[in-house]
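Listed here are the chains, written in short residue letters.
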Amino acid sequence: MNHRYITKIEQVPGLSRKDRDAIQQITNQFRFRANDYYLSLIDFADSNDPIARIIIPDSTELDGWGATDASQENLYTKAPGIQHKYLSTAVLLVTDICGGFCRFCFRKRIFIDGNEEAVRDISPGIEYIKKHPKITNVLLSGGDPLMLSTERLENIIRQIREIDHVKIIRIGTKLPAFYPHRIINDPSLLDVLKKYSTRETKIYAMVHFNHPRELTEQALTAVNLLHDAGVITANQTPLIKGVNDDPDTLAELFRRLSFAGITPYYVFQCRPTAGNHGYTVPVERTFEVFKEAKRFVSGLAKRAKLVISHATGKIEIIGKKDDHVFFKYHQAVDQKDASRILIFRSNPDAYWLDDYAEQAVSRHG
Ligand code: SF4
């Protein structure tokens, strides 16, 4: 069954005229994109429906809060279409389109006309990877690489597989949630994945389920087809207000992912990206929700780390006690920071590491 992409808010059937008019202004600034499968998961009678929160624009997006590139990815762009931040991992931005646009997307700048961070011609990126033998992982991202034709995707994967030192290819994709039919209806895609996910060098699909209700029959079918093709799956989600910011929902997401063989991998502090004001939750509240969600789930379901994807590295939020919050570098750009622990005084209004940085208590190497 084919599904229709929906890019104009007036095409969304469940909204009132008043809602549509209000939303129209937002989409002038931050684009809207969905499809009829994903919209069918929304309960429009529920004004707080979490799936609607993910995909339907919200008036807070115009609050004038946040930065275009909150994690300063521009600092790590080494050639057109390639970012290299951590020694072993390179990111190729291969497309500027997704199956839908998450309202809280941290990279929504690339959907704006004129942005050229995602490229068609990946040859500069491939040359860069060839010259850097420490790169063992390449993440295909964007945008959603599964939006490319299978032929183009194979062409990219083949070129990466020809580089000996690259072992893992990751595909960052929300299509198992947004549009599982992309995977279900294309056996040739599965053939490609099977061919290049080898016994010793796997392809990983870094999937993006935010809420347990996205794990539909179709989504699970798509995930199982990926597994059958030899692809490993791991889930990344930001913690988003009104979507998964309560412990029961997050625990249920962790549980359902683990049941389906998807590793809960990262939970991200929502980045202070332009338009994200209404979606973000303060750091310490995020930590409390995350900690509480993990209390009643199995070890397999609690493998996720809670991290801030900061310009200086991936920084895990590891604890809070009395008046202090504890962080630890999980991945550091500067090796001097590797595994460094940061301790800050509690600041319940902090949304990002920088909101603490002025008042460091101590830093341990
Ligand atoms: S799938 Fe990822 S890149 Fe695409 S809109 Fe959502 S968060 Fe952004």
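Notes on the structure in this doc start here.

The rules behind these values
- By convention here, each chain's residues receive numbers from 1 onward along its written sequence.
- It should be noted that, the model being predicted, local features are given only for residues of pLDDT at least 70 and side-chain atom pairs only at 80 or more, the latter also being counted only at that level, while totals for whole chains, interfaces and linings use all residues.
- No hydrogens and no water enter the side-chain calculation; it runs on all heavy atoms of the structure.
- In this analysis, axes come from line fits to C-alpha atoms, helices being fitted only over the stretch in contact, and the angle between any two N-to-C directions falls in the range 0 to 180 degrees.
- In this text, helices come from DSSP runs of H or I with a minimum length of four residues, and strands from runs of E with a minimum of two, each type numbered from the N-terminal end.
- We call two directions roughly parallel when the angle between them is under 35 degrees, roughly antiparallel when it is over 145, roughly perpendicular when it lies between 65 and 115, and oblique otherwise.
- Crossing chirality is assigned from the near helix's rotation relative to the far helix, an anticlockwise turn below a right angle marking it left-handed and a clockwise turn marking it right-handed.
- We call two residues in contact when some of their heavy atoms are within 4.5 Å.
- Under the convention adopted here, Pro, Cys and the residues Ala, Val, Leu, Ile, Met, Phe, Trp and Tyr are nonpolar, Asp, Glu, Lys and Arg are charged, and Gly plus all remaining residues are polar.
- Two aromatic rings from Phe, Tyr or Trp, using only the six-membered ring of Trp, form a pair when their centres are within 6.5 Å; if the ring planes differ by under 30 degrees the pair is stacked, by over 60 it is edge-to-face, and anything between is tilted.
- Note on geometry: a ring has a charge over it if NZ (lysine) or CZ (arginine) is within 6 Å of the ring centre and within 35 degrees of the ring normal.
- We call a set of buried Ala, Val, Leu, Ile, Met, Phe, Trp, Tyr and Cys residues a nonpolar core when their side-chain atoms join them within 4.5 Å.
- In this scheme, a residue with accessible area under 20% of its type's maximum is buried, one over 50% is exposed, and one in between is partly exposed, where area comes from a 1.4 Å probe on protein chains only.
- For two strands to be treated as a pair, DSSP must find at least two bridges joining them.
- In a helix, the anticipated span is given by 1.5 Å times the number of residues less one.
- Think of it as the arc spanned by the lines of direction from the helix axis to the C-beta atoms.

Packing of helix α10 (residues 247–259) against helix α11 (residues 283–295) leaves a shortest axis separation of 8 Å and a crossing angle of 55 degrees. As judged from the angle between their axes, α10 and α11 are oblique. Relative to α11, α10 is oriented so that their crossing is right-handed. Contact residues: α10 offers P247, L250, A251 and F254, while α11 offers V289, F290, E292, A293 and K294. By residue class, the composition of the contact of α10 with α11 is seven nonpolar, no polar and two charged.

This part takes up the packing of aromatic side chains. Applying the stated criterion to the full structure yields 11 aromatic pairs. Ring plane angle 75 degrees and centroid distance 5.8 Å describe the contact between W65 and Y351, whose orientation is recorded as edge-to-face. Here the residue W65 occupies a position in the loop between α3 (50–55) and β3 (77–79), and Y351 occupies one in the loop between β14 (341–345) and α12 (354–357), the gap between them amounting to 286 residues. Directly above the aromatic system of Y5 lies the positively charged group of R33, at a separation of 4.2 Å from the ring centroid.

The next point concerns the nonpolar core. Counting 110 residues, the largest nonpolar core has I56, L140, I157, F209 and F327 as the members making the most contacts within it. The residues touching F209, leaving out its near neighbours within four places in the chain, are P176, A177, E214, L215, A219, V223, N235, Q236, T237, L253, L257 and I262.

Two faces, one strand: in a regular strand the side chains alternate between the faces of the sheet. With respect to burial, strand β5 (residues 89–93) is a largely interior element, five of its five residues being buried. Here β5 shows two buried faces, one formed by T89, V91 and L93 and the other by A90 and L92. The sheet contact formed by strand β4 (residues 82–86) and β5 spans four bridges and is antiparallel. Bridging across to β5, I82 finds its partner in L92. Once β4 ends, the chain turns through two residues before running back antiparallel as β5. By the bridge criterion, five bridges tie β5 to strand β6 (residues 137–141) in an arrangement that is parallel.

Between helix α5 (residues 150–161) and helix α8 (residues 187–196), whose axes approach to 10 Å, the crossing angle comes to 5 degrees. Between α5 and α8, the interaxial angle falls into the category roughly parallel. Between α5 and α8, the residues in contact are T150, L153, E154, I157, R158 and R161 and S188, L189, V192, L193, K195 and Y196, respectively. Per-class residue counts for the contact of α5 with α8 are six nonpolar, two polar and four charged.

Let us look at unusual backbone geometry. Note the cis peptide between G142 and G143, where omega equals 15 degrees. One can find G143 in the loop between β6 and α5. A positive phi angle, near 50 degrees, is found at D322, a position not held by glycine. With respect to the helices and strands, the residue D322 is situated in the loop between β12 (313–321) and β13 (324–332). Despite not being glycine, S339 shows a phi value in the positive range, around 60 degrees.

Another point: α5. For α5, which comprises 12 residues, the first-to-last C-alpha distance of 16 Å matches the rise-based estimate of 16 Å (1.5 Å per residue) to within 8%. Within the sequence span of α5, burial applies to T150, L153, I156, I157, I160 and R161. Viewed end-on, α5 has its buried residues packed into an arc of 135 degrees, placing them on one side of the element.

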